[in-house]
Amino acid sequence: MESRDRRREMEAEMLEDVSEAVAAIKKAKHVDQVICALHSLAVLVFPVDSSLLSGVVDEGYRDQILGMNLPSANEREDRWQTFYRGAAFPSLARVLLYDVASDWLACFPFTAQKHVYDVFFVDGLATEVVQTLVPRLHQNSIAGLDVNAIVSNVQRLIVLFLLESTGVLRIATEFARSQREGSSHEQLQPVISRVAQLIASVPDKAQFRALSSLSAHIFFRQIITQLFCGFDGRDLTTDPGRTLNKSEMDGTFHFTGEIFARICRRGFTDVLAGEVVPRMLSHIRGLLLSKGTTIAADVFESDPGSQFWIKMMGNIKDSYAVERTSEELLRGLATEHINDTEAYWVIWILFHNLFYNQESVRTLFLDKFLLWKVLPVQCLRWIFQFAVFGCPPNPDSQVSNHVSQQLPVTLQSLVVVWSKQEFLRSASLEQQVYVTAAVGLLLEQMSKEELDKSKDVMRSILQGVSCRLESPDHLIRKMASSIALAFSKVIDPKNPLYLDDSFSGESIDWEFGLGTSKYSALPTSNSQTKGIHETKTSVGTVDMTEFNDIATDGQEGDLKNERKKLSEYKMIDPDEIIDPASLELERGSDFENMSESSDASNDTSLEPYDLTDDQTDLKRRFSQLVDVVTALRKTDDVDGVEQALEVAERLVRASPDELKYVASDLVRSLIQIRCSDVAVEGEEDSAEEKRQRALVALVVASPLESLETAHKLLYSPNVDVSQRIMILDIMTEAAEELAKAKIMRLKHQTGPLVSITSESRPWFMPSSAGPAGAGSWKEVAGSGTVLNLSSTGTDNVPNWSTHYERELPPKPGQMKRGKTRRWSIKSTNMREDQIDISQNKFPVYAAAFMLPAMQGFDKKRHGVDLLGRDYIVLGKLIYFLGVCMKCTCMHPEATALAPPLLDLLGSRQCRNF
């Protein structure tokens, strides 16, 4: 009871101190007064060295700074806890981030800024500081304050706190401390989720001209590195006999899992995998080096370092993040110099708990990674070793009964799909190679007894081989021959069935010459030509000298040509009898050869040149949208993808006849392509800009076809948050482009080309034709001139001193001057033969833009949760709908689309979000 009263009393004192400091800041006329006010508060909660500030303020304020009474260390700790866990810090933070940053911070000396301003954020309670700073990254205009100075200061503080002062690691430590002090998991769960969400949203909230440290790739990489390095520095691996305390570390691992899951959700799984793979390999190789290659699973389970990785993956609860992380990790392992044993233990440590406890992870390894994804072929060996065989790649290890049951089941599921004609017709060539390799690798591990027990497998294999042998594609036929050879070796190893003459040796190249991996434990055949002799070698056992021989083939060819030329010269025998006549003939022929060679040298057009250096002529030029779609799907051809992005917008803007037929496929290809994978390093933004311009042009040129595909992908589980935001951005830009078009057209009056005069009126009288309501012509006498010719008495002779007038009705835009004026949008100065025609094409397509996007926004699907973790997409969606309504205003379509939009905005989910 006394402690509670003491806490309340101290909180009241801190609020009073904050109020006094804020009042002094409001009344300050000089920057030193602001420094003194902040110093009087900082010394109460931080160990500030006042002598450092005495040199940066005027003499009149030094006594005030040096004369402050300093509290004891225990009292200062209590005040620190009260200051940050109560209402004092939020009250002061608003003044620091708005008033001081806008009016005074630019005048602060560096020492004063560090010790009496930055200290409140850098040395504060990390969870409270991050919840205070991040929401203020994006500011609207505030009366009387410099918003640019406020935002730039918040960005500086976030970089200083989260990155330079290891703020993320401190947050993880604070959650561990809170759980150790008695806070339950249920109490910490909302705070952990909110803090992780705020940290992951920093690159999104940062403005366009933010610090480079706040760009997504750099920011997320520094956060991941900070967490890993911080955990490596903790007492996790120094004491081999110590096990992790669950009550201490659950909060830390839960926060780490939340951060990693949200990074994956934002499309930066490759950054996470790039940091995990080298650290995992270093850990695995260290254990294998110390324990030996024949290591058991219990060694990893009892190792504290392995427990960190196990718990780290176990706390990533998002199934989509687990899928993307596992896929990127496998791809990352394939790029390393790694053997099958190391790869197996990496996968085992990260996924064995998830694999045996979660059905979704088992489906991921036994279904998606085999049939729907396309990974490097060596990843198939690792997947089978982990998910099917369940043991490290040791030939002496015994396969369990569970494994012997899993192998036929997995092979059965693969060959059922592989044998169908639909798969052969619809699947891409890369997927055909991948699934064929999976079937072949499993067949090589089957025994005849296991194959006899599964009759459906034999029938499916024969069906798949027969339909592929009928294909005109050589590669497809080679797949069938490879499967037939592997199948025959299972049936009768002594009599293998060779359907292709290119097969030789014991091993089969399951990459079919398309793979790039050189470090696989299971050898694959690879033929190499050396001179006129052809030898069959294994990729896994080939000697490096052979690669050097291949690399120098071109140089050896040049040397042989030079030797041949030298051998053609004849050596002169000094004892040879020479005929003088023959010398004259040779001399004449030499002169002729010299003249011919000189003439040839003058003709520069016949000089040879290296075609390989002329890259501009070798670049593929696209003139059809179908070729662009094909090039975008071949992500392994980087040059083709870059060229397709270069010409896509120009071809779409030309509106060819084929546009409406390929618009859907082109939109899907442009959205799904990863510019970071195909663009040159440093030019990713240029590729993204070209992709976005092409998509906007597609939606403008072919709205209905493009929007149908875009809306399907908007809520598809196969795209990430960044792609959803991009879809909404391109639809927003397309709506504005469709709405802003406006032109002026001339209205031409049509009439007869030849005027017809009436016989009843004289030729000098004006025509009676004119606008409706015009009066009749009246003769008005003139004032007379020097040449005043009077009438001669004939009716058809004019009197040149008179003229004719009549009254005309007012023009439609004409107004008479008066005291009362009418004003309208249309200008009265516009000529009568002009009309203003609005070319706002958007209202016609407004329903196609808005209605599909509003349908199902509140439904939670696999990988899509706009009301939860994907709240940024919901904000973009509302902004997009607002732009659409703005473009539709003053049109009848607005009255039909406004009610459903108001229902969406007034729904309980959006109102309480």
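In this text the structure is predicted, and so the values were computed from the model without any measurement.

K.L.:
What should I look at first to understand the overall build of the protein in this one?
P.N.:
What the protein contains, in helices and strands, is 43 helices and six strands. Taken across its 913 residues, the protein has 43% of its residues classed as buried. Nonlocal contacts in the protein, meaning residues at least 24 apart in sequence, comprise 73% of its contacts between residues at least 6 apart.

K.L.:
Before we go on, may I ask you to explain the nonpolar core in this structure?
P.N.:
Taken as a class, soluble globular proteins show a tendency for nonpolar side chains to be buried jointly. Counting residues in hydrophobic clusters, the biggest one holds 181 residues, and the most contacted among them are Phe108, Tyr117, Phe120, Phe121 and Phe255. Aside from chain neighbours lying at most four places away, what touches Phe121 is Tyr84, Phe89, Ala93, Leu96, Leu97, Val129, Leu133, Leu157 and Phe161.

K.L.:
In this structure, what is going on with helix H20 (residues 340–357)? I would like to understand it.
P.N.:
Because an α-helix completes one turn every 3.6 residues, residues spaced three or four positions apart along the sequence face the same direction. For H20, spanning 18 residues, the distance from its first C-alpha to its last is 24 Å, which sits close to the expected 26 Å at 1.5 Å a residue. Helix geometry: H20 is bent most strongly at Phe351, by close to 60 degrees. Most of H20 sits inside the fold, with 14 of its 18 residues counted as buried.

K.L.:
I'm lost on the packing of helix H19 (residues 319–334) against H20 in this one. Help?
P.N.:
Packed helices, taken two at a time, are described by the angle between their axes plus the distance between the axes. It is at 11 Å that the axes of H19 and H20 come closest, and there the two elements cross at 165 degrees. Comparing their axes, H20 and H19 come out roughly antiparallel. Our pair here, H19 against H20, has a crossing hand that is left-handed. Residues Val322, Ser326, Leu329, Leu330 and Leu333 of H19 touch H20, and the partners they reach there are Val346, Ile347, Leu350, Phe351 and Leu354. When the residues that make up the contact of H19 with H20 are grouped by side-chain class, the tally is nine nonpolar, one polar and no charged.

K.L.:
Looking at this structure, I do not really get the environment of Val22. What am I missing?
P.N.:
Among the secondary structure elements, Val22 is positioned in helix H1 (residues 2–27). Separated by 70 residues in sequence, Val22 and Leu92 place their C-alpha atoms 7.3 Å apart. Discounting chain neighbours no more than four positions away, the residues touching Val22 are Leu92 and Val95.

Rules behind the numbers
Residues numbered from 1 in each chain as written. Predicted model: local features only at pLDDT ≥ 70, side-chain atom pairs only at ≥ 80, totals over all residues. Heavy atoms only, no water. Helix = DSSP H or I, 4+ residues; strand = E, 2+ residues; numbered from the N terminus. Buried < 20%, exposed > 50% of the residue type's maximum accessible area, 1.4 Å probe, protein only. Contact = heavy atoms within 4.5 Å. Core = buried A, V, L, I, M, F, W, Y, C linked by side-chain atoms within 4.5 Å. Expected span 1.5 Å × (residues − 1). Bend = angle between axes of the 7 residues up to and from the residue. Axes fitted to C-alpha atoms, helices over the stretch in contact; angles between N-to-C directions. Parallel < 35°, antiparallel > 145°, perpendicular 65-115°, else oblique. Left-handed = near helix turned anticlockwise from the far one by under 90°. Nonpolar A, V, L, I, M, F, W, Y, C, P; charged D, E, K, R; others polar.

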